[in-house]
Amino acid sequence: MSSGLPIRPDCQVARELLVERIGSAGNLLASPREFHCSACQVWFERSLAQARALNALPRRIAELHSLDGLVVAELNAGCRQERAAAALTSLERVDAPCELDLLVSEYLGRAVHEAPRELDQRVAKEISAGAGLRAERQVSALERLAAPAALDAIVGRALTQSARPHGLPLRRWIAVAATLFVVVGAASLVRQAGLGKPKPSEFRVVHTHSVASLDPFTRSLLSGVTGGAIELAAQNRGTAR
Amino acid sequence: MKFACYTLLVFTALFAACERVDVPANKTSGSQGLEGESASQFGAPPATQSLFQRIANSRQVTTFQGVRRVELFVDEGAVQHHSVLRERVSADGHGAFAIESLELIEPPMSNSQHALFIALQSLRQGMNWRYRDFSIHDVGLFLQNYRVTDTGVLDVVAGHPVIELLVERVDQSGSLYTLLVDSATGLVLKAHEESQEHVLISEMCYESLELAPDLSGVVWHQELNNEEPLPAIGPLTATVGFEPLVARALPAGFQLLERTSVIEPLNNSKWVKATFTDGVENLFFLHGGPIVGDNGIKSGVPEIEADLVEVTVAAPWTVARGNLRTQRVIALGKVSEADLLHLLRSALE
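Residues numbered from 1 in each chain as written. Chains lettered and ligands numbered in written order. Predicted model: local features only at pLDDT ≥ 70, side-chain atom pairs only at ≥ 80, totals over all residues.

A. Summary view of the overall build of chain A. Assigned secondary structure in chain A consists of eleven helices and one strand. When the helices and strands of chain A are placed in sequence order, the string is α-α-α-α-α-α-α-α-α-β-α-α. Looking at chain A as a whole, 11% of its 241 residues are labelled buried. Looking at chain A alone, contacts between residues at least 24 apart form 40% of all its contacts between residues at least 6 apart. (Helix = DSSP H or I, 4+ residues; strand = E, 2+ residues; numbered from the N terminus. Buried ≥ 20, exposed ≤ 12 C-beta atoms within 10 Å, placed from the backbone. Contact = placed C-beta atoms within 7 Å.)

Laid out in structure tokens, this is it:
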């Protein structure tokens, strides 16, 4: 597919000079004495006609103002980025001075010992866990104290007195197990339904079926990660896979 | 009574095991077991390790230039979009690169639209290089989350002998990749991506490739979006003006890759972009700080209100964004809507 730009660089230069002869109102400021070539002449006449036609269009200033933001958004803040890119790409590569190379080499040559990534992660976890983790660590580090012998003796006597000669009958065990099963099952249902626990950061969710509703910033992000496919999607609706 | 207690414990453990488990962002990468699994499927562990490392580093350390064809599919609701373009890729072997879009083959469009698209592609070459093209962003996470199978197929792409690798996540989620890799350099010369349902998502194939070419005429990519690296952890108020929210519940296998700040060009407001990866895929969580004036996230229909998230699916990508608790947040990735919403909730807790 042709890009529409002149193939020959000299044509491009000639046409850029010709454009300066067309006024902002679409009028001819000064007729060129001669043209670079016949193609340039045809191009100039067509451009002049287009400029006049565009200038003759009714202006709807109020609506244009409201469209400014959308146009800027669509073109990534106007043509600034394109102009910036063009300006940057036209720059010649400047080699770094030898002194800078030496400094960089010296800097890179130093033994830079960064903390391992896992250490960073552990520190982040420690910080994010708050006081809970430290309290848990302190409690677990406490020395376990043995109960006094007198207390052991009292507990032993009490257990001996309360001990029954026979354990619970089988049907009692079955009843306990069934009760537990029902309780745990109900608890799990409540848990899975999201009841019984605080709602974490609730918000409403709506769905859109078109990327056209995305704001310019999100759209540019999505365009970047999809390789521009999102931009093309707007002009490629309905193409069957 | 002990029996009853044990029964209760067993039931509790069983139900807890069925519950969703959040993967913390700071989980250690490089599980030895999974590394062994990947390695054993590939064949020789030492060679496997070095091959994956070569693939991960290949674009940074190889001097090359080639022309490739890129085919992309995006599903927007029930509508499927297809685009094909050709581009010239150059790399100097020291980190500099350029992706020059040569032509858009599909869809057909007018000359002016074509020229505009090509111009915008030049602005997107950084994101294409980092996020669109297949690459291994973290070898440890890749070995932990992915299974690689060497099919034994030997082929030639752009005049270079390649081996064929099948790459898929061990939990059988996400995309399935078929890669043709130049084992000498680690360059991926052909990448075929499809969904778990075997629907084609993208395909890239080099038509020509020259190693160590003359690159004197290449216009290298320059950063244009003012993206600045930030510390992975720690407070950022002094740097960006607000304390960024932290996504604590990530989809399985993802970990934080980097944090950066980016500027929204429309209102010059600053966002903190957290990039997560599972080794191959990227997931983004952006926090734009509190809404100031009229810089809240705008939408089409309906307008995004307070505490409302708008979800847009452009499969395989999903985007969730909203103004939550007066904070601007965006999450996007090749993950499910549920994963993105879970991530957003975790950031607000």
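B. Here's a closer look at the pairing of strand β13 (residues 308–315) of chain B. Across five bridges, the pairing between strand β1 (residues 204–208) of chain A and β13(B) is parallel. What sits directly across from A:Thr208, in β13(B), is B:Thr312. Alignment of strand β1 (residues 63–76) of chain B against β13(B), held across two bridges, turns out to be antiparallel. Residue pairing for β13(B): B:Glu76 is matched across the bridge by B:Ala314. Taken together, β13(B) and the strand that follows it, strand β14 (residues 317–324) of chain B, pair antiparallel across an intervening segment of one residue. (Pairing = 2+ DSSP bridges.)

C. View of the packing of helix α1 (residues 9–19) of chain A against helix α2 (residues 38–56) of chain A. Residues and elements named next belong to chain A. Where α1 contacts α2, the axes come no closer than 10 Å and their chain directions differ by 35°. Seen from above, α1 lies across α2 with right-handed handedness. Contacts between α1 and α2 involve Cys11, Ala14, Arg15 and Leu18 on the former and, on the latter, Ala39, Cys40, Trp43 and Phe44. Here the residues of the contact of α1 with α2 are counted per class, giving seven nonpolar, no polar and one charged. (Axes fitted to C-alpha atoms, helices over the stretch in contact; angles between N-to-C directions. Left-handed = near helix turned anticlockwise from the far one by under 90°. Nonpolar A, V, L, I, M, F, W, Y, C, P; charged D, E, K, R; others polar.)

D. Representation of the nonpolar core. Counting residues in each nonpolar core, the largest one holds 77 residues, and the members touching the most others are A:Leu222, B:Leu189, B:Ala331 and B:Leu344. Per-element accounting of this core gives the leading share, five residues, to β1(B). Discounting residues that sit within four places of it in the chain, A:Leu222 has contacts with A:Val211, A:Leu214, A:Ile230, B:Ala314, B:Trp317, B:Val319 and B:Leu332. (Core = buried A, V, L, I, M, F, W, Y, C linked by C-beta atoms within 7 Å.)

E. Fine view of the confidence of the model for chain B. All names here are of chain B. With 84% of its residues at a pLDDT of at least 70, chain B reaches an overall mean of 83. Confidence over residues 1–49 falls short of pLDDT 50; this stretch has 57 contacts with residues more than four positions distant or in other chains. The complex prediction reports pTM at 0.59, with the ipTM value standing at 0.80. (pLDDT = per-residue confidence, 0-100.)

F. Representation of unusual backbone geometry in the model. Residues and elements named next belong to chain B. Cis geometry is adopted by the peptide bond preceding Pro107, which originates at Glu106 and carries an omega value of 0°. Its place among the elements puts Pro107 in the loop between β3 (97–106) and α4 (111–123). Positioned with a positive phi, Ala158 is a non-glycine residue whose angle comes to about 55°. Along the polypeptide, Ala158 turns up in the loop between β4 (146–157) and β5 (160–169). Positive phi outside glycine occurs at Arg325, with the angle close to 50°. Looking at the secondary structure, you find Arg325 in the loop between β14 and β15 (327–333). Classification of Arg325 as partly exposed rests on a count of 14 C-beta atoms within 10 Å.

G. Representation of helix α10 (residues 216–225) of chain A. Judged by how many residues are buried, α10(A) sits mostly within the fold: nine of ten residues are covered. Where α10(A) terminates, the next one or two residues include A:Gly227, which has phi positive at roughly 70°.

H. The arrangement of the pairing of strand β2 (residues 79–92) of chain B in detail. Residues and elements named next belong to chain B. With 14 bridges connecting them, β1 and β2 associate as antiparallel partners. Residue Glu71 lies in a different strand from β2, and its bridge partner there is Val84. The loop that links β1 with its antiparallel partner β2 comprises two residues; one of these, Gly77, has a positive phi angle of about 65°. Relative to β3, β2 runs antiparallel, the two sharing eight bridges. The residue bridging Leu85 from the neighbouring strand is Leu104, located in β3. Adjacent in sequence and paired antiparallel, β2 and β3 are bridged by four residues, among which Gly93 carries a positive phi angle near 80°.

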